[in-house]
Amino acid sequence: MANKFYITTPLYYVNAQPHIGHSYTNIAADTLAREMRNILGKDNVWFLTGTDEHGQKIQRQAENEGAIPQDFTDKMVLTFKDLWKDLNISYNDFIRTTEERHIKIVQQALEILYKKGEIYENKYEGWYCTPCETFWTETQITDKLCPDCKRPLEKISETNYFFKLSKYQDWLVGYIKNHADFIKPAFRRQEVLSFLELNKLTDLCISRPKERLSWGIPLPFSAEHVTYVWFDALVNYISAVGTFDAQGNYNSRWWPADLHLIGKDILRQHAIYWPIILRALNIELPKTIFAHGWWLVGENKMSKSRGNVVSPKDLVDKYGLDVYRYFLLRDVPFGMDGNFSEEAIVKRFNGDLANDLGNLVFRTLVMIEKYFQGNIPDVEISKIELNTQAKNIREKIKALPGEVNLYLTAGSDFNFSLGLEKIWQLINLSNKYIEDTRPWNLDKEKKTEELKVFIRLLAEVIREIAETISVFMPKTAESIKEQIGQDKIKKGNPLFPRIDLTPKT
Ligand code: MSP
């Protein structure tokens, strides 16, 4: 395994408040960053997130609010940073596309490509979707509506700059075919390959005339243009962690990225534009691009206009941070779409969290208090002949970290849900162990040695559970570790008091 791990999230548009979709990517990335820090040491992991602040969408929203774009984005970026703090997101760096360090690298990249002849000027005539900032050719449209968002298109005619995407098509197909882990999950890789097989790539328009859009990075070789927002934004992955030398070679401690985590809707930009831009710049490609699914409300996308946007902050205030993190990672296999509902959260809360995990911890602590005055019995389990059930639990404790880690890799499609399921298998096994052992009888019959072994094993289960859930639910793990202590416990309130669903009268 490589000795460093560089993970990124998309840069979020700051034209609207963050919703659960955005929080999903960051919680997933945070979990993986924590896991990798445990494995490689914290100095060997770099977790980058940030905000995408240029382009029409942002300029327009700033205008709507009567603000200049920079003031508007300065204000909006705080709502993202505040949310990441509330969600316990352990990023190492936060990049804004309006920062000097980013602008400089974007302009250098453009300059290098221009000098190499990878970018050329041309007259463009065709259809344009302003909200999507996308060009469409006559053959791609059936009416005068955007094929993606169905809003009216504008006919435009202007001079622009184009990046030679098309000449790299065959190379990209070959690259994807030869690198099984480059695009994940596999069905997304297949989607990209089919797209490339069915469509001939056209060169990418990487400029916008200033008269139409002024809020962007100026093109170094034209005073009349700014940079297309996607070219600008993608470059963040290299601008945040490295520099170009005088010969145009890119140097970085962290590059290539080990994982670009994205949503399925921005796969094309990441799996087609980005590798080709890197290739043209003679920069190594990221190891893996993983596209996760969408959280839907009913059958629908979340959107401001539908009025169905769910606020992460409200959910965290209502149910607690780790319940929210657990729900998102557990309820839907990563990569698939999921249906969001509060009923589903409450179900997970009362079942997995209150009944299974909360109960295991609470009743074990109660027993330690009752039978051993709060002291964890000092027995060395490994030296004792255990019954079948206890032996099985001990083996499961040992195997757990490795098994969970395996799910958190590209090879397993970062299946957080199955990783958590593994942990819960041990929790459920341990709850059953308590019921089957009937400790109250052992106590009555004064079978103290047996009771000691029983309690000690449960304490070890709980410690291991706290270790393995710490990347998913850091606060809960800390609280469990505090309560179980080293030798003497410090029992607190139940971790997840059940939520009563009956309406209050
Ligand atoms: N700014 C671009 C990304 C540039 S990356 C160099 C962008 N921003 S976005 O704010 O619109 O979306 C950011 C991410 O949030 C995308 O990965 C998108 O898939 C994700 N989500 C937005 N809504 C979502 C859901 N409802 N569910 C899950 N993720 C979704 O695109």
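Please refer to the structure placed before this passage.
Thresholds applied
Residues numbered from 1 in each chain as written. Predicted model: local features only at pLDDT ≥ 70, side-chain atom pairs only at ≥ 80, totals over all residues. Heavy atoms only, no water. Helix = DSSP H or I, 4+ residues; strand = E, 2+ residues; numbered from the N terminus. Contact = heavy atoms within 4.5 Å. Core = buried A, V, L, I, M, F, W, Y, C linked by side-chain atoms within 4.5 Å. Buried < 20%, exposed > 50% of the residue type's maximum accessible area, 1.4 Å probe, protein only. Domains from an automatic or database assignment. Polar contact = N/O pair within 3.5 Å; in protein donor to acceptor, adjacent residues only side chain to side chain. Pairing = 2+ DSSP bridges. Axes fitted to C-alpha atoms, helices over the stretch in contact; angles between N-to-C directions. Near = heavy atom within 4 Å. Areas by Shrake-Rupley, 256 points an atom, 1.4 Å probe, with all protein chains shown as cover. Nonpolar A, V, L, I, M, F, W, Y, C, P; charged D, E, K, R; others polar.

Q: What is the right way to read the environment of Val-45 from this model?
A: With respect to the element layout, Val-45 can be found in strand S2 (residues 45-52). When near neighbours in sequence (up to four residues on either side) are disregarded, Val-45 contacts Phe-5, Ala-33, Met-36, Arg-37, Asn-92 and Trp-254.

Q: What am I meant to see in the nonpolar core here?
A: Across soluble globular proteins, nonpolar side chains have a tendency to be buried as a group. With 101 residues, the main nonpolar core has Ile-423 and Phe-472 as its most contacted residues. Among the elements that make up this core, the one with the highest residue count is helix H12 (residues 342-372) (14 residues). In this structure, this core is formed jointly by two domains, domain 1 (5-292) and domain 2 (315-484), each of which donates at least three residues. Setting aside chain neighbours within four positions, we find Phe-472 in contact with Thr-31, Arg-325, Leu-329, Val-404, Leu-408, Phe-416, Leu-420 and Ile-423. Membership of the second largest hydrophobic core comes to 62 residues, among which are Phe-182, Ile-206, Ile-217 and Tyr-273.

Q: What is the right way to read the environment of Glu-197 from this model?
A: For Glu-197, the location among the structural elements is in helix H6 (residues 186-198). Residues Glu-197 and Ser-166, 31 residues apart in the sequence, show an inter-C-alpha distance of 13 Å. In terms of polar contacts, Glu-197 uses its side chain to reach the side chain of Lys-177, at 3.5 Å.

Q: Can you walk me through the pairing of strand S1 (residues 5-13) in this structure?
A: Along any regular strand, the residues point their side chains to alternate faces of the sheet. Buried residues dominate S1, accounting for 8 of its 9 residues. Judged from the 7 bridges that link them, S1 and S2 form a sheet pairing that is parallel. The partner of Ile-7 across the bridge, within S2, is Phe-47.

Q: What's the story with the sheet that holds strand S3 (residues 93-96) in this structure? I'm lost.
A: Read across the sheet, 6 strands follow the order S3-S2-S1-S13-S14-S7 without closing on themselves; strand pairing throughout is parallel. The strands lining the two open edges of the sheet, one partner per strand, are S3 and strand S7 (183-184). The sheet contact formed by S1 and strand S13 (residues 259-263) spans 2 bridges and is parallel. Pairing of Thr-8 across the sheet is with His-260, part of S13. In the packing of helix H3 (residues 69-86) onto the sheet, contacts are made with S1, S2 and S3, and the angle to S3 comes to roughly 155°.

Q: Can you walk me through the environment of Glu-224 in this structure?
A: Summarising the element assignment, Glu-224 is placed in the loop between strand S9 (207-209) and strand S10 (225-227). By relative accessible area, Glu-224 is classed as exposed at 56%. When the C-alpha positions of Glu-224 and Glu-211 are compared, they lie 7.8 Å apart, and in sequence the two are 13 residues distant.

Q: Is there a simple way to explain helix H11 (residues 321-331) in this structure?
A: Since the α-helix turns once every 3.6 residues, residues separated by three or four places project in the same direction. The buried count for H11 comes to 10 of 11 residues, which makes it a mostly enclosed element. Among all positions in H11, only Leu-321, Asp-322, Val-323, Tyr-324, Arg-325, Tyr-326, Phe-327, Leu-328, Leu-329 and Arg-330 are buried.

Q: Can you walk me through the site of the ligand in this structure?
A: The environment of the ligand is made up of 23 residues, and the closest members are Leu-11, Asp-52, Gly-263, Asp-265 and Trp-295. His-22 places a polar side-chain atom, nitrogen or oxygen, 3.4 Å from an oxygen atom of the ligand. When the ligand sits alone it has 660 Å² of accessible area, and the protein chains cover 94% of it. Secondary structure elements with two or more residues in the shell around the ligand: S1, helix H1 (20-40), helix H7 (229-234), helix H8 (236-239) and S13. If you tally residues by element for the shell around the ligand, the top one is S1, at 4 residues. Counted by class, the shell around the ligand contains 13 nonpolar, 8 polar and 2 charged residues.

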